[in-house]
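# Survey of secondary and tertiary structure
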Amino acid sequence: MYYAGIDLGGTNIATAIVNDNYEILGRGKLKTNMPRSAESIADDMAKTVRMACEDAGIDIAKVKSVGVGTPGSFNQETGIIEFSNNLKFNNVPMVQLIEDRLGIRCYMENDANAAAYGEQLAGAGKGSKNFIAITLGTGVGGGIIINGKIYSGSNYCGAELGHSVISIGGVPCSCGRKGCYESYASATALIRQTKEKMEETKDSIMWELAGGEINGVNGRIAFDAMRQGDRAGKEVVDRYIEYVGCGLVDIINTFQPDFVCIGGGIGNEGEYLLAPLREYVEKERYSKYAKKQTELCKALLGSDAGIIGAAMLYRLHA
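Described below are features of the structure shown in this document.

Reading guide: rules and limits
Here, residues in each chain are numbered from 1, in the same order as that chain's written sequence. Totals for whole chains, interfaces and linings use every residue, but because this is a predicted model, local features are given only for residues with pLDDT of at least 70 and side-chain atom pairs only at 80 or more, for both listing and counting. Computation of side-chain values: all heavy atoms of the structure, hydrogens and water removed. Strands were regarded as paired on the criterion that DSSP finds at least two bridges between them. Strands are runs of DSSP state E lasting at least two residues, helices are runs of H or I lasting at least four, and both sets are numbered from the N terminus onward. Fitted lines through C-alpha atoms serve as axes, helices being fitted only where they are in contact, and the angles separating the N-to-C directions of these axes extend from 0 to 180 degrees. By definition in this entry, angles of less than 35 degrees are roughly parallel, angles greater than 145 are roughly antiparallel, angles of 65 to 115 are roughly perpendicular, and the rest are oblique. Contacts: residue pairs with any heavy atoms within 4.5 Å of one another. Here the term charged refers only to Asp, Glu, Lys and Arg, the term nonpolar to Ala, Val, Leu, Ile, Met, Phe, Trp, Tyr, Cys and Pro, and the term polar to all other amino acids, Gly among them. Type-normalised accessible area, obtained with a 1.4 Å probe on protein chains alone, sets the label of each residue: buried when under 20%, exposed when over 50%, and partly exposed for intermediate values. In this tally Asp and Glu are treated as negative and Lys and Arg as positive; neither His nor the chain ends contributes. Any carboxyl oxygen of Asp or Glu that lies within 4 Å of a side-chain nitrogen of Lys or Arg is treated as forming a salt bridge with it. Here a polar contact means two N or O atoms within 3.5 Å. Within protein one must be a hydrogen donor candidate and the other an acceptor candidate, and residues neighboring in sequence count only if both atoms are side-chain atoms. Pairs were defined over the aromatic rings of Phe, Tyr and Trp, the Trp ring being its six-membered one, requiring ring centres within 6.5 Å. Orientation was assigned from the angle between planes: stacked under 30 degrees, edge-to-face over 60, tilted for the rest. For any helix crossing, the convention is left-handed if the near helix is rotated counterclockwise from the far helix by under a right angle, and right-handed if that rotation is clockwise. By definition here, a helix of n residues has an expected span of 1.5 Å times n minus one. In these notes, a set of buried Ala, Val, Leu, Ile, Met, Phe, Trp, Tyr and Cys residues joined through side-chain atoms within 4.5 Å is what counts as a nonpolar core.

In terms of strand pairing, strand 6 (residues 80-84) meets strand 7 (residues 89-92) through three bridges, oriented antiparallel. Note on strand 7: the bridge partner recorded for F83 is N90.

The next point concerns the sheet that holds strand 5 (residues 73-75). Overall, antiparallel pairing links the three strands, which are arranged 5-6-7 in an open sheet. The strands lining the two open edges of the sheet, one partner per strand, are strand 5 and strand 7. Across this sheet, the average inter-strand angle for adjacent strands is 15°, counted without regard to direction.

Moving on, we get to the packing of helix 3 (residues 111-122) against helix 10 (residues 304-311). Two elements in contact, helix 3 and helix 10, have axes separated by 6 Å at closest approach and are oriented at 85°. Viewed along their axes, helix 3 and helix 10 adopt a mutual orientation that is roughly perpendicular. Where helix 3 approaches helix 10, its residues A114, A115, Y117, G118, E119 and A122 are matched on the opposing element by A305, G306, I308, G309 and A310. Looking at the contact of helix 3 with helix 10 residue by residue, the classes come out as seven nonpolar, three polar and one charged.

Looking now at the side chain of E109. Within the secondary structure, E109 is located in strand 8 (residues 106-110). Within the buried core, E109 has no salt-bridge partner, and the shortest N-O distance to an opposite charge, that of K149, equals 11 Å. Reaching out from E109, the side chain makes a polar contact with the side chain of N113 at a distance of 3.3 Å. Residue contacts for E109: discarding those within four places in its chain leaves V68, G69, T70, F74, Q76, I150, L313 and H317.

A separate point is the pattern of salt bridges. Summed over the entire model, instances satisfying the criterion amount to 15 salt bridges. Two residues, E242 and R239, come together in a salt bridge whose shortest N-O distance is 2.6 Å. Of this pair, E242 and R239 both sit in helix 8 (residues 231-255), three residues apart, which is roughly one turn of the helix. Linked by salt bridges that have partners in common, K197, E200, R231 and E235 make up one network.

Taken as a whole, this structure holds two aromatic pairs when the rule is applied. Between Y3 and Y314, the aromatic rings sit 4.4 Å apart at their centres with planes inclined by 10°, giving stacked as the arrangement. Of this pair, Y3 sits in strand 1 (residues 2-8) while Y314 sits in helix 11 (residues 314-317), and the two are 311 residues apart along the sequence. Of the two residues examined, Y3 and Y314, each falls in the buried class. Ring centres of Y184 and Y243 lie 4.9 Å apart, and the angle between their planes is 50°; on these two criteria the pair is classed as tilted. Here Y184, found in helix 4 (residues 182-185), pairs with Y243, found in helix 8; they are 59 residues apart in sequence, far enough to count as distant. Y243 shares its class with Y184; the two are buried.

Read across the open sheet, the five strands follow the order 11-10-9-12-13; overall the sheet is mixed. Strand pairing shows two members of the sheet lacking a second neighbour, strand 11 (149-150) and strand 13 (295-298), which therefore form its edges. Packing of helix 3 onto the sheet brings it into contact with strand 9 (131-136), strand 10 (140-146), strand 11 and strand 12 (259-263), and relative to strand 10 it is tilted by some 55°.

Relative orientation of the contacting elements helix 8 and helix 9 (residues 271-284) amounts to 50°, with a least axis distance of 9 Å. As the angle between them shows, helix 8 and helix 9 are arranged oblique. Taken as a pair, helix 8 and helix 9 cross one another with a handedness that is right-handed. Here Y240, I241, E242, V244, G245, C246, L248, V249 and I252 of helix 8 lie close against helix 9, whose contacting residues are L273, P276, L277, Y280, V281 and E284.

A few words on helix 3. Taking 1.5 Å as the rise per residue, helix 3 with twelve residues should run 16 Å; its terminal C-alpha atoms sit 16 Å apart, in good agreement. For helix 3, every residue scored as buried is listed here: N113, A114, A116, Y117, G118, E119, Q120 and L121. Of the residues that open helix 3, the one with a side-chain oxygen 2.9 Å from the backbone nitrogen of A112 is N110.

Turning next to unusual backbone geometry. Of the consecutive residues M34 and P35, the connecting peptide bond is found in the cis state with omega at 0°. With respect to the helices, strands and loops of the structure, P35 is situated in the loop between strand 3 (24-31) and helix 1 (38-56). In this model, Y156 sits at a positive phi of 65°, which is unusual for a non-glycine residue.

Quick look at the nonpolar core now. One finds I134, L136, L248, I262 and L273 to be the most contacted residues of the largest nonpolar core, which totals 40 residues. When contributions to this core are tallied by element, the ones reaching two or more residues are strand 9, strand 10, helix 5 (187-200), helix 6 (205-209), helix 7 (221-227), helix 8, strand 12 and helix 9. Ranked by the residues each element gives to this core, the list is headed by helix 8, at ten residues. Those residues in contact with I262 that sit more than four places away from it in its chain are I134, L136, L248, G267, L273, L274, L296, C297, K298 and A299. In this structure, A52, I81, L97 and M108 belong to the second largest nonpolar core, which totals 30 residues.

This is how it looks when you write it as C-alpha cells:
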C-alpha cells in the first residue's frame, strides 16, 4: 500500500509517498508562501501529493491515506487546527479541506509529534514502545510516544517540552514565560550565549569564525571554536551542555522512556554533544541504580522523520 505524508512548515510544504516499509518512493515540494489563506495552502498541499505520486510513478488512486504534520495544536476530534502562530491559523478545518481536494482520508498531528512517531517507527527509536524526540532548533520541540502511541494530552496541546521552566525568572521566552528550557537549550539560545561570550572575550577565535561580525554567529561557531582549542568556545559549549542536560534529566525522570533522541541543527554535532550529555544525565538522573536506563541517541531520519510519521498516522487514528 501507499501513503502520502505531508510536512506542513512555515517555509515549505514537503510531501512524499511512503510504502509499508517506510521507504520514500517519490517527493513533491512547494513554498508555503505565508501569509495567505488556509484554502490556498490546502490547494498546494493537494498539489504536492499529486507531484509526489507522479515522481513515484503511481496513480493517486492507489494512495490509501494522507497524513499531515502541522505546527500548532490540532484537535483530533474535530479535525481542526485550533491555533498555529507560525501559519497564522485559528480554527482551520484542514482535514476537511484536504479531503475535499483529494477524495482521500486525511489524518493530522502536531509536526513534532509526527516526527517523533517517524523516528520511533523507522529511525532512532525503532523497536521501542516508549520514546521521546527532542529537537534543538529555532526552538526546542518535543514529541512523546507512550506504549507506541503519540501522547498529546487531554486538549491535544501536550508534549511542549521546551516550555518547562529550568530557571525561575530567567530569560524571557516567546511563549510569555521566563526561564523556559527553550530559552536556554535551543539553537537560538546557543547563538545568544555565543555572542555574549564573544563580547566578553575579544581575542576568541569565535570572532574569526564569525567573519569578524557579531551577527555572523550561528549555532556551530562555539562547537567549531571548542574543537580548535578555544577556551571561550569550550566555556560556551560546556555551559550549553548543562542547560540541555538539565532539561533532559527532567524529561527522563518524568517519563523513563526507552530512548531519547536529539535532532535539529544542534543534534548534528553528534558525539560532541551526546557524549558529555550522557555523562551529565548519568550523574543527575533519579534512576541511577536501575538495571534498565534510558538511552540517549542522535535522530536518524532528519527532515524525513515528520513525513514518514505523518504518512503512518492512519495506524493510530484509522
